[in-house]
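# Coordinate analysis (summary)
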Amino acid sequence: MIVRNVNEVVGTENEIITDNWTSRRVLLARDGMGFSFHETVIFPGTETHIHYCNHLEAVWCVEGDGEVETVADGRKYALGPGVVYALDQNDEHWLRGGREPLRVICVFNPPLTGREVHDAQGVYPLPAATEQEA
Ligand code: 9YT
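Let us look at the structure shown here. (Residues numbered from 1 in each chain as written. Predicted model: local features only at pLDDT ≥ 70, side-chain atom pairs only at ≥ 80, totals over all residues. Heavy atoms only, no water.)

### Digging into the sheet that holds strand 7 (residues 76–79)
Within a sheet, adjacent strands bond to each other through the backbone by hydrogen bonds, running parallel or antiparallel. Strand order in the open sheet formed by 4 strands is 4-9-6-7, with antiparallel pairing between adjacent strands. The sheet is open, and its two borders are formed by strand 4 (47–50) and strand 7, each paired with just one other strand. Between one strand axis and the next, the sheet turns through 20° on average, direction left out of account. Inspection of the sheet shows strand 4 paired to strand 9 (residues 93–97) by 4 bridges, in the antiparallel sense. Bridging from a neighbouring strand, T48 pairs with L95 of strand 9. (Pairing = 2+ DSSP bridges. Helix = DSSP H or I, 4+ residues; strand = E, 2+ residues; numbered from the N terminus. Axes fitted to C-alpha atoms, helices over the stretch in contact; angles between N-to-C directions.)

Have a look at this one:
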């Protein structure tokens, strides 16, 4: 069994910090679960274009506020504690932070290996194209 505390990830190479969000990647591909499992905090007032062409992601909002907008139809959904969204169609979207930090729990299938950061199109590379870690 694997038992970890997210606090063990904070400040390590498995915490990826960008201008718009920080992602604490607690379970990764090398853990062999078939998915990766992260705590992400979206910073207030930020706007991020995301299009996970190569991954499915589910997001559970636990604290704070924000908004997600699907590009295909322009629909906007308010985000707050208890809201879950699943990008089951690899949906291209805008993710916006609100007035308070938006803390979410994310699951990725296939799992991330750990180093992924969005490219200019908001995409994470395929796992095979990402450097595998020991
Ligand atoms: C909700 C979302 O997609 N945020 C961007 C970061 C991502 N969750 C990650 O890499 O953990």
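### So, the nonpolar core
Ranked by internal contacts, the top residues of the largest apolar core, which has 19 residues, are L79, Y85 and L95. Apart from the residues within four sequence positions on either side, L79 is in contact with C61, G64, D65, G66, E67, V68, Y85, L95 and L102. (Core = buried A, V, L, I, M, F, W, Y, C linked by side-chain atoms within 4.5 Å. Buried < 20%, exposed > 50% of the residue type's maximum accessible area, 1.4 Å probe, protein only. Contact = heavy atoms within 4.5 Å.)

### Re the sheet that holds strand 8 (residues 84–86)
The 6 strands are arranged 1-2-3-10-5-8 in an open sheet whose pairing can be described as antiparallel. Looking at strand neighbours, the two that pair on one side only are strand 1 (15–17) and strand 8, the edges of this open sheet. On average, each strand axis in the sheet is tilted by 20° relative to the strand beside it, whichever way the strands run. Here strand 2 (residues 21–27) runs beside strand 3 (residues 36–42); their pairing, made up of 6 bridges, is antiparallel.

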